[in-house]
Amino acid sequence: MSATSGAGVADIREITHTAEIPVLRDGELSWRLAADAAAELLSRTGTAPAEIGQVVFAGSGEWDLPFWSPAAKVAAELGIAAAHCFEVTNFCNAGTTALRVALDGVALRGGLVLVLAADRLSRMVDYTDAGSKELFNFGDAAAAVLVGSAGVRYELLHTAMRTDPSWVDYYFGDIRRDRVTIRRGPHREGLATAYVRNFTALVDETLGALGAKIDDVSRFLINHGDRRMHERLLRTLGIPESRSAFNYHRLGHMGSADTLIALRDLETEGALCPGDLVLLATSAMGFSWGITALEVAP
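Quick summary incoming for the structure in this document.

About the criteria used
Residues numbered from 1 in each chain as written. Predicted model: local features only at pLDDT ≥ 70, side-chain atom pairs only at ≥ 80, totals over all residues. Heavy atoms only, no water. Pairing = 2+ DSSP bridges. Helix = DSSP H or I, 4+ residues; strand = E, 2+ residues; numbered from the N terminus. Axes fitted to C-alpha atoms, helices over the stretch in contact; angles between N-to-C directions. Salt bridge = Lys/Arg side-chain N within 4 Å of Asp/Glu carboxyl O. Buried < 20%, exposed > 50% of the residue type's maximum accessible area, 1.4 Å probe, protein only. Core = buried A, V, L, I, M, F, W, Y, C linked by side-chain atoms within 4.5 Å. Contact = heavy atoms within 4.5 Å. Parallel < 35°, antiparallel > 145°, perpendicular 65-115°, else oblique. Left-handed = near helix turned anticlockwise from the far one by under 90°. Nonpolar A, V, L, I, M, F, W, Y, C, P; charged D, E, K, R; others polar.

A look at the sheet that holds strand S4 (residues 142-147)
- The four strands lie next to each other as S2-S1-S3-S4, forming an open sheet whose pairing is mixed. The sheet terminates laterally at strand S2 (84-89) and S4, the two strands that pair on one side only. Going from strand to strand, the sheet's axes swing by 20° on average, the running direction of each strand aside.
- Two strands pair when backbone bridges link them, and strand S3 (residues 112-118) and S4 are joined in this way by six bridges, in the antiparallel orientation. Across the sheet, leucine 114 pairs through a bridge with leucine 146, a residue of S4.

Dropping the structure here:
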């Protein structure tokens with residue numbers, strides 16, 4: 001990154017906080033990462049492909065191929081032959097948006113919904129542009145979630161989301177050499193403050209709807225886009241860092257998968273207890289923010 005952009009290593013490390021970030025290699029596709037995650041999930045839960053009524057693929061809308069459905073591609077790969085397959089685009093807030101859409105689908109029709117969160121963010125970063133170094137922590141990962149009404153590990157209690165459209169043109173895609181590259185518009189002060197303000201308002205709305213207090217939050221998991229903003233938000237909310245998750249030392253910003261990776265890590269470590277309230281704080285270009293409240297089931 002330093003060699004191609006001309007930015008100093010120390011300046012880049014202030015953004016990445018790590019020496020390595022997982023990215024797609026040449027020829028590797030994000031839908032394949034999602035399919036692998038989904039196959040592991042269905043195998044672990046003993047779920048047959050025929051039980052899946054919907055497949056929802058969440059991300060930025062910049063898929064492996066243009067004018068194409070990654071949700072249908074994953075369904076074909078897994079032998080899911082009769083589900084409704086579609087995409088949800090809300091950038092790095094898309095995963096939790098898709099969970100809300102999936103829950104609505106379960107409430108209306110029953111059955112199971114397979115939610116996939118995957119993107120190819122690293123492929124859209126211009127590493128020759130020092131002005132884009134704020135994006136140098138973008139990596140690639142995929143997550144799969146099974147949404148249903150019975151036998152659940154987590155109950156989705158509430159979601160609250162909002163968009164501030166005044167920031168819509170701050171980042172945009174630029175097509176050059178048959179490749180979409182993320183560009184930043186003219187610099188504008190106040191984005192970190194907007195993050196804290198909107199997240200705080202959404203946390204207040206969520207806790208109010210649940211009749212809960214900030215001390216009731218067992219875990220607060222957030223997209224790993226900016227560590228300094230992450231720490232500032234925790235201080236503003238009054239949540240100790242020990243109740244959040246910091247993966248900056250080993251991962252970059254993995255899109256919608258960030259909070260799901262952190263949740264899976266806590267699950268694997270046995271760090272969650274029945275009744276724990278977990279808040280997923282997600283954000284995205286556009287700019288959108290969301291808080292999704294989960295409760296660990298008995």
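There is more to say, and it comes next.
Brief notes about the pattern of salt bridges
- Summed over the entire model, instances satisfying the criterion amount to 15 salt bridges.
- The shortest N-O distance in the salt bridge between aspartate 126 and arginine 183 comes to 2.8 Å. Residue aspartate 126 is found in the loop between S3 and S4, and its partner arginine 183 is found in strand S7 (residues 179-184); the two are separated by 57 residues along the sequence. In this pair, the class of aspartate 126 matches that of arginine 183, namely buried.
- A salt bridge links arginine 176 to aspartate 174; the shortest N-O distance between them is 2.5 Å.
- One network of salt bridges, with partners in common, ties together Asp126, Asp129, Asp174, Arg176 and Arg183.

Some thoughts on the nonpolar core
- By size, the foremost hydrophobic cluster in this structure holds 41 residues, and its most contacted members are Phe199, Phe220, Leu233, Leu279, Phe287 and Ile291.
- Elements with a minimum of two residues in this core: helix H6 (191-210), strand S8 (217-222), helix H7 (227-237), strand S9 (277-284) and strand S10 (288-296).
- Here the element with the most residues in this core is H6; it accounts for eight residues.
- With near-sequence residues (within four places) excluded, phenylalanine 199 lies in contact with Ile222, Met229, Leu233, Ala281, Thr282, Ser283, Trp289, Gly290 and Ile291.

Topic: unusual backbone geometry
- Put simply, glycine 286 and phenylalanine 287 share a cis peptide bond, and its omega is -5°.
- Topologically, phenylalanine 287 is positioned in the loop between S9 and S10.
- Even without being glycine, phenylalanine 67 reaches a positive phi, approximately 50°.
- Here phenylalanine 67 shows up in the loop between strand S1 (52-59) and helix H4 (70-78).
- According to the relative accessible area criterion, phenylalanine 67 is exposed, its value standing at 90%.

Observations regarding the pairing of strand S6 (residues 171-176)
- The pairing of S6 with S7 spans six bridges and is antiparallel. Counterpart to isoleucine 175 in the pairing with S7 is valine 180.
- Following S6, the chain reverses through two residues before pairing antiparallel with S7; arginine 177 in that reversal takes a positive phi of roughly 50°.

Digging into the side chain of serine 30
- Its place among the elements puts serine 30 in helix H3 (residues 30-45).
- Owing to a relative accessible area of 3%, serine 30 belongs among the buried residues under this scheme.

What about the packing of H6 against H7?
- Here H6 crosses H7 at 40°, and the two axes come no closer than 10 Å. It follows from the interaxial angle that H6 and H7 lie oblique. Seen from above, H6 lies across H7 with right-handed handedness. Across the interface between the two elements, Ala192, Thr193, Tyr195, Val196, Phe199, Thr200 and Val203 from H6 touch Met229, Arg232, Leu233, Thr236 and Leu237 from H7.
- Among the residues forming the contact of H6 with H7, the class breakdown is eight nonpolar, three polar and one charged.

A look at the sheet that holds S10
- Read across the sheet, four strands follow the order S5-S10-S9-S8 without closing on themselves; strand pairing throughout is mixed. Of all the strands in the sheet, the pair left with one neighbour each is strand S5 (154-163) and S8. Within this sheet the neighbouring strands show an average axis-to-axis angle of 15°, counted without direction.
- Pairing geometry for S9 and S10, over eight bridges, is antiparallel. Of the residues in S10, the one forming a bridge with serine 283 is tryptophan 289.
- Contacts between helix H5 (residues 94-109) and the sheet are confined to S5, S9 and S10, with S5 contributing the most and set at about 120° to the helix.
- This element, H6, spans S5, S8, S9 and S10 of the sheet and lies at about 35° to S10.

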